[in-house]
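# Summary of the model geometry
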Amino acid sequence: MEIRLPGSAEPYRLREPVTWAPPPAAPSSRVVYAAAHVVANVHGENGPGLPADVDWDATLRFRRHLWSYGLRVADAMDTAQRNMGLDWAATRELIRRSAAEAGSLGDPAELVACGAGTDHVPDAGTLDEIVAAYTEQVETVRTAGAGVILMASRQLARVARGPEDYHAVYGKLLGQADRPVILHWLGEMFDPQLAGYWGSRDVEAATESFLALIRDHAPMVEGVKVSLLDEDHEVRLRAALPEGVRLYTGDDFNYPSLIKSGSHALLGIFDAIAPAAAAALQALDEAEWAGDEPTRARHLTAYDEIFAPTVPLSRKIFETPTYHYKTGIVFLAWLAGRQDGFVMVNGAQSARSITHLAEVFRLADQAGLLPDPELAVHRMKALLTTCGVLP
């Protein structure tokens, strides 16, 4: 299969497709979540600023795809376009449906964790109003039966005067939690309105505030999801966490080395690379079970070799402006045949250029993530023609 891509004088020849068999079991050496996207209704009105119109059947089908590869699902989060098109009415329905679908396979609290935030009250102006907004969304998640992820709040970032206000809000939320939750630290590269989260624009000062909160409430903190794209900082933070509190890497640039060195994972890129990620994690499991060093080394080499070609793909998808990474995630789901159209809520399919998407196509092929090359080429040619790149 060949295709002429923009910026290249020669046709690009696709590799032979890779068959990624689902693993025999979920990863045992790490707890791993794929943050999942939502599939927009191709017949709906999903323009900028309009209410989200979601294709629920396709959205749930994609979650079954992720579960089939042994991954847990992190839902109603940034990858699902929270704060970038997925309104609270659609979010609430997504939480309900995703947890119910998980319940048909097992314990929804184990298979899916959902984001609870304050985005349905955009004008919240006091700490009490922010606590009330969080509480409402937490109750929605818990009623559905899913695990809770306390998302970073734009409203709290705007209102808080310093670390003490973050501690006051999160202290109340953790004090009323009925089971441990995951805390989420989303860097400003993912959402500029979250700059200075935890009370300081200085990362080290913010980290001390974050750690103090966790230490004060460790029994109710199951883990922390950190998306700062800073490998050294994550390793230091991981070492400083209280015993029993997991570090879920959200670093879509450095995930192979961070997972190998001990981080668990909650990653948007795993939406796009789930089959390869499952194979790499199986190799990591086998390395940790190995009875001798040569066998361990062989499995770790396999882990590195599987993940290696996914890193350039991930770095391309998450390039600046990073918050538009969802476009590449949905684009790959379309190329792979996991949804019928390349459309997104809020019209976000237009957020990346055709040259960017063409490079995502090439890198996905290099990573073995286009299961049906003929379909992928057909769809890519249609898009290139629509954009005027092909006659």
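None of these values were measured; they are calculated from a predicted model. (Residues numbered from 1 in each chain as written. Predicted model: local features only at pLDDT ≥ 70, side-chain atom pairs only at ≥ 80, totals over all residues. Heavy atoms only, no water.)

## Re the overall build of the protein
Within the protein, the secondary structure is distributed over 15 helices and 10 strands. Its C-alpha atoms give the protein principal-axis dimensions of roughly 60 × 60 × 40 Å. Counting contacts in the protein only where the partners sit at least 6 residues apart, residues at least 24 apart contribute 70% of the total. For the protein, the accessible surface area stands at approximately 15500 Å², while carbon and sulfur atoms represent 50% of it. Looking at the protein, you have 35 positive and 51 negative side-chain charges, and the mean spots of the two groups are 2 Å apart. (Helix = DSSP H or I, 4+ residues; strand = E, 2+ residues; numbered from the N terminus. Contact = heavy atoms within 4.5 Å. Areas by Shrake-Rupley, 256 points an atom, 1.4 Å probe, with all protein chains shown as cover. Lys, Arg positive; Asp, Glu negative; His and termini not counted. Charge placed at Lys NZ, Arg CZ, Asp CG, Glu CD.)

## Considering the packing of aromatic side chains
On inspection of all chains with the given rule, the structure shows 18 aromatic pairs. Relative to tryptophan 198, the ring of tyrosine 170 lies with its centre 4.7 Å away and its plane at 45°, an arrangement referred to as tilted. Linking tyrosine 170 in helix H6 (residues 163-175) with tryptophan 198 in the loop between strand E7 (181-186) and helix H7 (203-216), this pair joins segments that are 28 residues apart in sequence. Tryptophan 198 matches tyrosine 170 in its accessibility class, with the two residues each being buried. With 5.9 Å between their ring centres and 85° between their planes, tyrosine 255 and phenylalanine 270 make a pair best called edge-to-face. (Phe/Tyr/Trp six-rings, centres within 6.5 Å; stacked < 30°, edge-to-face > 60°. Buried < 20%, exposed > 50% of the residue type's maximum accessible area, 1.4 Å probe, protein only.)

## Comments concerning the nonpolar core
The nonpolar side chains of soluble globular proteins are, as a tendency, buried together. Formed by 124 residues in total, the largest nonpolar core has its most connected members in Leu183, Tyr197, Phe270, Phe331 and Phe361. Per-element accounting of this core gives the leading share, 13 residues, to helix H10 (residues 269-289). Tyr33, Ala35, Ala74 and Ile182 belong to the second largest nonpolar core, which has 10 residues in total. (Core = buried A, V, L, I, M, F, W, Y, C linked by side-chain atoms within 4.5 Å.)

## Some points on the packing of helix H4 (residues 127-144) against H6
Contact pair H4 / H6: the axes reach a minimum separation of 10 Å and the direction vectors enclose 35°. As H4 runs across H6, the sense of the crossing is right-handed. Across from Leu127, Asp128, Ile130, Val131, Tyr134 and Thr135 in H4, the residues of H6 making contact are Asp165, Val169, Tyr170, Lys172 and Leu173. (Axes fitted to C-alpha atoms, helices over the stretch in contact; angles between N-to-C directions. Left-handed = near helix turned anticlockwise from the far one by under 90°.)

## Some thoughts on unusual backbone geometry
Of note, the bond from threonine 320 into proline 321 is cis; its omega dihedral lies within 30 degrees of zero at -5°. Considering the arrangement of structural elements, one finds proline 321 in the loop between helix H12 (310-317) and helix H13 (325-335). The phi angle at glutamine 81 is positive, at roughly 70°, despite the residue not being glycine. Assignment of secondary structure puts glutamine 81 in the loop between strand E4 (72-75) and helix H2 (88-103). One non-glycine residue, asparagine 83, adopts positive backbone phi at about 65°. Among the secondary structure elements, asparagine 83 is positioned in the loop between E4 and H2.

## Concerning the environment of arginine 30
Considering the arrangement of structural elements, one finds arginine 30 in the loop between strand E2 (12-13) and strand E3 (32-35). Residue class for arginine 30 comes out buried when judged on its relative accessible area of 9%. Distance from arginine 30 to alanine 265, taken between C-alpha atoms, is 7.6 Å for residues 235 residues apart in sequence. Leave out the neighbours within four places in its chain, and arginine 30 touches Ile259, Lys260, Ser261, Gly262, Ser263, His264, Leu284 and Glu288. A polar atom in the side chain of arginine 30 sits 3.2 Å from the backbone oxygen of lysine 260. Among the polar contacts made by the side chain of arginine 30, one reaches the main-chain carbonyl oxygen of serine 263 at a distance of 3.4 Å. (Polar contact = N/O pair within 3.5 Å; in protein donor to acceptor, adjacent residues only side chain to side chain.)

## Re the pattern of salt bridges
Within this structure, the stated rule accounts for 18 salt bridges. A salt bridge links arginine 63 to aspartate 75; the shortest N-O distance between them is 2.6 Å. Within this pair, whereas arginine 63 is found in helix H1 (residues 56-68), its partner aspartate 75 is found in strand E4, the two being separated by 12 residues in sequence. A salt bridge links aspartate 119 to arginine 82; the nearest nitrogen and oxygen atoms lie 2.6 Å apart. A residue pair is termed long-range when its members are at least 10 positions apart, and aspartate 119 in the loop between strand E5 (112-116) and H4 and arginine 82 in the loop between E4 and H2 qualify at 37 residues. By relative accessible area, which is 17% here, aspartate 119 ends up buried. A relative accessible area of 2% places arginine 82 in the buried class. (Salt bridge = Lys/Arg side-chain N within 4 Å of Asp/Glu carboxyl O.)

## Quick word on the sheet that holds strand E6 (residues 147-150)
Pairing is parallel in the closed barrel, where eight strands are placed in the order E3-E4-E5-E6-E7-E8-E9-E10. Averaged over all pairs of adjacent strands, the angle between strand axes in this sheet comes to 25°, irrespective of strand direction. Pairing geometry for E3 and strand E10 (residues 264-267), over three bridges, is parallel. The residue of E10 that forms the bridge with tyrosine 33 is leucine 266. Set on the sheet, H7 makes contact with E7 and strand E8 (221-227); between it and E7 the angle comes to about 170°. Set on the sheet, helix H8 (residues 231-240) makes contact with E7, E8 and strand E9 (246-249); between it and E9 the angle comes to about 165°. (Pairing = 2+ DSSP bridges.)

## What to know about empty space enclosed by the protein
This structure, assessed with the given rule, holds five cavities of 30 Å³ or more. Taken as a whole, the largest cavity spans an internal volume of roughly 90 Å³. Considering the residues around the largest cavity, the lining is formed by 14 residues, among which Ala35, Asp78, Thr79, Lys225 and Tyr325 are closest to the centre. Classifying every residue of the lining of the largest cavity by side-chain character gives seven nonpolar, four polar and three charged. (1 Å grid on protein atoms, 1.4 Å probe; cavity = no way out; pocket = protein on both sides within 12 Å on 5 of 7 lines; lining within 4 Å. Points joined across faces, edges and corners; volume = space filled by probe spheres on them. Nonpolar A, V, L, I, M, F, W, Y, C, P; charged D, E, K, R; others polar.)

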